[in-house]
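Report on the structure
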Amino acid sequence: MQFSLRGWRAVCAAVVVLAIAGVGSVSAQDLASFEKRLTVHTLPNGYTFLILERPGAPVFSFATRVDVGSAQEVPGITGLAHMFEHMAFKGTPRLGTKDFAREKVALDELEAAYQAYERARAAVKPDQAEVDRLLKAFKDKEAAAQEFVIANAFDEALSREGGVGLNASTSAEATTYYYSLPTNKFELFAYLESERFIHPVFREFYKERDVVMEERRQRTESQPIGKLIERMLATAFLAHPYKQPTVGYMSDLQRFTLTDAEAFFKKYYVPANMVTAIVGNVKAAEIIPILDKYFGRLPKGEKPAPLRTLEPPQSAELTITLREKSQPIYIEGYHKPSALHPDDAVYDAIAEILGRGRTSRLYTSLVEKQKLAVQAQVGGGLPGVKYPHLFVALAVPARGISNDKVAEALHVELSRMATEDVTDEELARFKTRAKADLIRSLDSNSGLAEQLVTYHTLTGDWRDIFKYIERTDAVSKADIRRVAADVFKVTNRTVARLENDAAPAAGGTR
């Protein structure tokens, strides 16, 4: 079984650290080298581009990060940020249609039919016969609009020209789009990417909404670990929208509309809320006029206001128990500050020493020595890092071992972090791996593009990629004890337990 914490720096999965010559030399010299080759270009409409010239193969990669995720949603439209990620691949008025003039009329009629159906079924006392009639009318309009669709036209237009890695992702705090192309297709990139954000066509909206609902069924409702984490977040966060699932609640997926999606797009997909990094065999002086020509067409809009809601301090331990015919799982989450906090590197050190790989304390103690668990790991970034979030420890009990036994052993290790110094070897290994991880992330054009937009969006300055190493170098044993003592408090803890409902577990109570 695999468990993943999605975040700025995922440190919970075991990795093989490559032998990299000069691993300790991620220094100002490297930053200076990047500064010579990186151009920050902001258009009059507010769109920011980070252009890194990287001679080599005649290709480039890009990543566009839109500063919107599930945390920006409100009740009734949860899942809409993720939904628009799907819609962004549906094409434009010129791509993906047999006749857009007629398709536009069909889409308008389709949405009018759906709105009528939605009003009827949302009535205080729905007339079922009328609801059924309007549903049929909507389905007829949907079939009529479908006649104009050329499926997968956006993807195929790029694939024909050598595009690879075409994809996107949505998190609690951002939506990111990315792929790679030959350098001589740069103008095609500029045209297609600007077009899908200037003139998005919400074709196949309700059909794609059904796809997202099925995605939720498979990843959350049919997966005990998915249900457990969703309920854990809803318990740990009383007020902050981090409690909302990125995929959305099923009731919202069944009710939000194309009209809702258009309003969401107009609010958040404005140039001032978007950053694109372009990395590869390009020259800034040559591509900036192309960027100005195409992306300069995006209408200027105000950057949306930041979130107002702050999560109040947790004052009591919270526990949820999910009973399923499934392998037991034990999870603890502790509230921690955002990635911008001065102690963020200290939290990374704690995660590294406690739960990264087979040399970590949790694996050594719970898995190898005591044989209480078959898996044990730790990480930050659940469900995101832009705002205060959760530091999480997870363990999968061995056969015949209860979650209670695992919890006892876990608490011993957390207490040690707060009361005893880590070893010189543990601290040195964390700092070495942090540098190695950075070097690996900068190795590919695509990885570097994603790092650039992530740091620039989160911190306001891409240079913080390098400053992070300075912060890791400054982490001390005393810092680790201080932060561990502050965060690993019972009153700051949310526990999520997945118990096997088939039979009582041995070695503890159910």
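Residues numbered from 1 in each chain as written. Predicted model: local features only at pLDDT ≥ 70, side-chain atom pairs only at ≥ 80, totals over all residues. Heavy atoms only, no water.

1. Quick look at helix 15 (residues 424-441)
- With 18 residues, helix 15 should cover 26 Å at 1.5 Å per step; its first-to-last C-alpha distance of 26 Å lies within 8% of that length.
- Tucked into the core, helix 15 has its buried residues touching helix 12 (344-355), helix 13 (361-369), helix 16 (445-459), helix 17 (464-473) and helix 18 (477-487). (Helix = DSSP H or I, 4+ residues; strand = E, 2+ residues; numbered from the N terminus. Expected span 1.5 Å × (residues − 1). Contact = heavy atoms within 4.5 Å.)

2. Notes on the nonpolar core
- Ranked by size, the top nonpolar core spans 69 residues in total, and within it Tyr177, Phe189, Phe205, Tyr269, Ile278 and Phe295 carry the most contacts.
- Each residue touching Tyr269, except ones within four places of it in the same chain, is listed here: Val66, Val68, Phe84, Thr175, Tyr177, Phe197, Phe264 and Met274.
- In terms of nonpolar packing, the next biggest core, distinct from the first, is built from 60 residues, Leu38, Leu372, Met417 and Val453 among them. (Core = buried A, V, L, I, M, F, W, Y, C linked by side-chain atoms within 4.5 Å. Buried < 20%, exposed > 50% of the residue type's maximum accessible area, 1.4 Å probe, protein only.)

3. Brief notes about the packing of aromatic side chains
- Under the definition given, this model contains 32 aromatic pairs.
- For the pair Tyr114 and Tyr117, a centre-to-centre distance of 5.7 Å together with 65 degrees between the ring planes defines the contact as edge-to-face. Within this pair, Tyr114 and its partner Tyr117 are both found in helix 3 (residues 100-121), separated by three residues, close to a single helical turn. Residue Tyr114 shares its accessibility class with Tyr117, and that shared class is buried.
- Ring centres of Phe265 and Tyr269 lie 5.3 Å apart, and the angle between their planes is 25 degrees; this geometry places the pair in the stacked category. In this structure, Phe265 and Tyr269 share a single accessibility class: buried.
- Members of the aromatic cluster, joined through ring pairs, are Tyr47, Phe49, Phe60, Phe62, Tyr179, Phe186, Phe189 and Phe295.
- Seen from the ring of Phe89, Arg196 lies directly overhead, with NZ or CZ sitting 4.7 Å from the centre.
- Between Lys336 and the ring centre of Tyr347, over which it is positioned, the NZ or CZ distance is 4.7 Å. (Phe/Tyr/Trp six-rings, centres within 6.5 Å; stacked < 30°, edge-to-face > 60°. Lys NZ or Arg CZ within 6 Å of the ring centre and 35° of its normal.)

4. Some remarks on the sheet that holds strand 10 (residues 389-397)
- Ordered by their spatial adjacency, five strands build an open sheet running 7-11-8-10-9, and the pairing between neighbours is mixed. Edge positions in the open sheet fall to strand 7 (318-324) and strand 9 (373-382), since each of these has one partner strand only. Across the sheet, the mean angle separating the axes of adjacent strands is 15 degrees when strand polarity is ignored.
- Here strand 8 (residues 329-336) runs beside strand 10; their pairing, made up of seven bridges, is antiparallel. By the bridge assignment, Tyr334 is partnered in strand 10 with Phe391.
- The sheet strands contacting helix 8 (residues 224-236) are strand 7, strand 8, strand 9, strand 10 and strand 11 (493-500), and the helix crosses strand 7 at an angle near 160 degrees.
- Sheet contacts for helix 12: strand 8, strand 9 and strand 10; angle to strand 9, the most-contacted strand, approximately 170 degrees. (Pairing = 2+ DSSP bridges. Axes fitted to C-alpha atoms, helices over the stretch in contact; angles between N-to-C directions.)

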